[in-house]
Amino acid sequence: MAFASAGVMVLSATLLVIFWVTEQKFAPRTERGGVIQSLKIAGRNRMFLSVLLITLLAQFSVMTIEPVLPLYIVEIGGSVKDASLLSGIIFSLLGIASILFAPRWGNLADRIGFRKVLIIGLLFGGLGNIAQILFHSIWGFSIVRFIYGAFFCAVFPAINGLVVQSTPSEFRGRAFGINQTANQIGGMLGPIAGGLISGVFSIHSIFWITGFILLFAMVVAFQSYSKDDFANPSKNNPAKTTAAGES
């Protein structure tokens, strides 16, 4: 039923796109370019590379806890019978927090910029991950997960904004594709690392590691960008700059 329900929801989303979504002022790219060429262009864009690294680390931190969350729920007092249901509810608290707070983060980003919002989200996301170690009851753990989600939900919208700001319009579709690749790499490595870490050490060590990973990502976000990068995103496309100089 879980697979069937997911399939129906994806099909519903597909129908929404087919019948209700339209693209305005779409101009197809004229020049040819493969995946290797796109990666080479991305590799010469320092700001975009930082965005990719932050995307990978953020998604890695989210997915690391997923395979061991039911075990941790049982460890802090949940029943084995209801472990899957409780895990689903607690994991969904991040989504509920996002519904409530993501629009507020978007409004704040319009006023202070995506970079500052990203730094805030990563800082309190990292501290929130570490803080989850301190609570050893279902209610306490759930509350701190919700607070963590209220801040962490700022991260991925801010990352998307930085993808736009760090790349010229003619590279944007490829930029989002490459960024999604970084996201999926983090989603692939996270559960593997989570199972390995909890097996060798403890589940608590996962919160320590993912917390420090997010704090490291915050440092990357803090140090990697300058105002000139945001003011002139076209300079982050070395291929375009070279072509313009030759012409």
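What you see is a predicted model; the values in this text were computed from it and never measured.

## What to know about the overall build of the protein chain
Right, on to step 1. Across its full length, the protein chain carries 12 helices and 0 strands.
Right, on to step 2. Listing every helix and strand of the protein chain by position from the N terminus yields α-α-α-α-α-α-α-α-α-α-α-α.
Right, on to step 3. When burial is assessed residue by residue, the protein chain has 40% of its 247 residues classed as buried.
Right, on to step 4. With the model as given, the accessible surface of the protein chain reaches about 13,900 Å², and the carbon-plus-sulfur share is 70%.

## Points about the environment of Leu122
Right, on to step 1. Tracing the backbone through its elements, the reader meets Leu122 in helix H6 (residues 114-131).
Right, on to step 2. The buried category is assigned to Leu122, whose relative accessible area is 0%.
Right, on to step 3. Each C-alpha atom, one on Leu122 and one on Gly211, is 9.2 Å from the other, the two residues being 89 residues apart in sequence.
Right, on to step 4. Excluding its chain neighbours within four sequence positions, the residues that come into contact with Leu122 are Ile54, Val155, Leu214, Leu215, Ala217, Met218 and Ala221.

## What about helix H3 (residues 46-64)?
Right, on to step 1. Taking 1.5 Å of rise per residue, 19 residues should cover 27 Å, and H3 covers 27 Å from first to last C-alpha, within 8% of that figure.
Right, on to step 2. Counted residue by residue, H3 has 15 buried out of 19 residues, so it is predominantly covered.

## Observations concerning the nonpolar core
Right, on to step 1. In terms of nonpolar packing, the biggest core is built from 53 residues, with Phe48, Leu118, Leu122 and Phe141 touching the most fellow members.
Right, on to step 2. Among the elements that line this core, the one with the most residues is H3, at 10 residues.
Right, on to step 3. For Leu118, the residues in contact, after removing those within four places along its chain, are Ile54, Val155, Ala158, Ile159, Leu162 and Ala221.

## Considerations on the UniProt feature "transmembrane region" (unreviewed entry) in the protein chain
Right, on to step 1. Cross-referencing UniProt, the feature "transmembrane region" (unreviewed entry) maps to residues 6-22, 47-65, 85-105, 117-139, 145-164 and 207-225 in the present numbering.
Right, on to step 2. Structurally, residues 47-65 is divided into 95% helix and 0% strand, and its ends, taken at the C-alpha atoms, are 29 Å apart.
Right, on to step 3. For residues 85-105, the helix share is 100%, the strand share is 0%, and the end-to-end C-alpha distance is 30 Å.

## Some remarks on helix H2 (residues 35-43)
One turn of an α-helix holds 3.6 residues; hence residues three or four places apart share an orientation.
Right, on to step 1. All buried positions along H2 are accounted for by Ser38, Ile41 and Ala42. Down the axis of H2, the sector holding all buried residues measures 100°, keeping them to one side. Looking at H2, the residues exposed on the side facing more than 90 degrees away from the buried face are Ile36 and Lys40.

## Quick look at the environment of Thr210
Right, on to step 1. Here Thr210 shows up in helix H10 (residues 203-223).
Right, on to step 2. When the C-alpha atoms of Thr210 and Gly194 are compared, they prove to be 9.5 Å apart, with 16 residues separating the residues in sequence.
Right, on to step 3. Apart from the residues within four sequence positions on either side, Thr210 is in contact with Ser61, Thr64 and Asn129.
Right, on to step 4. Separated by 2.8 Å, the side chain of Thr210 and the backbone oxygen of Ile206 make a polar contact.

## Observations regarding the packing of aromatic side chains
Right, on to step 1. In the structure shown here, the tally under the stated rule is 11 aromatic pairs.
Right, on to step 2. An angle of 85° between the planes, with centres 5.9 Å apart, marks the rings of Phe152 and Phe156 as edge-to-face.
Right, on to step 3. By relative accessible area, which is 23% here, Phe156 ends up partly exposed.
Right, on to step 4. Joined through ring pairs, the aromatic side chains of Tyr72, Phe141 and Phe207 make up one cluster.

## What to know about the packing of H3 against helix H9 (residues 172-200)
Packed helix pairs are specified by the crossing angle of their axes together with the interaxial distance, meaning the distance between the axes.
Right, on to step 1. Packing of H3 against H9 brings their axes to within 7 Å, and their N-to-C directions diverge by 35°. The chirality of how H3 crosses H9 is right-handed.
Right, on to step 2. Here the contact of H3 with H9 is composed, by residue class, of 13 nonpolar, 9 polar and no charged.

Here is what the cut-offs are and how they apply
- Residues numbered from 1 in each chain as written.
- Predicted model: local features only at pLDDT ≥ 70, side-chain atom pairs only at ≥ 80, totals over all residues.
- Heavy atoms only, no water.
- Helix = DSSP H or I, 4+ residues; strand = E, 2+ residues; numbered from the N terminus.
- Buried < 20%, exposed > 50% of the residue type's maximum accessible area, 1.4 Å probe, protein only.
- Areas by Shrake-Rupley, 256 points an atom, 1.4 Å probe, with all protein chains shown as cover.
- Contact = heavy atoms within 4.5 Å.
- Expected span 1.5 Å × (residues − 1).
- Core = buried A, V, L, I, M, F, W, Y, C linked by side-chain atoms within 4.5 Å.
- UniProt positions renumbered as here; feature names shortened; annotations may be inferred.
- Arc of directions from axis to C-beta.
- Polar contact = N/O pair within 3.5 Å; in protein donor to acceptor, adjacent residues only side chain to side chain.
- Phe/Tyr/Trp six-rings, centres within 6.5 Å; stacked < 30°, edge-to-face > 60°.
- Axes fitted to C-alpha atoms, helices over the stretch in contact; angles between N-to-C directions.
- Left-handed = near helix turned anticlockwise from the far one by under 90°.
- Nonpolar A, V, L, I, M, F, W, Y, C, P; charged D, E, K, R; others polar.

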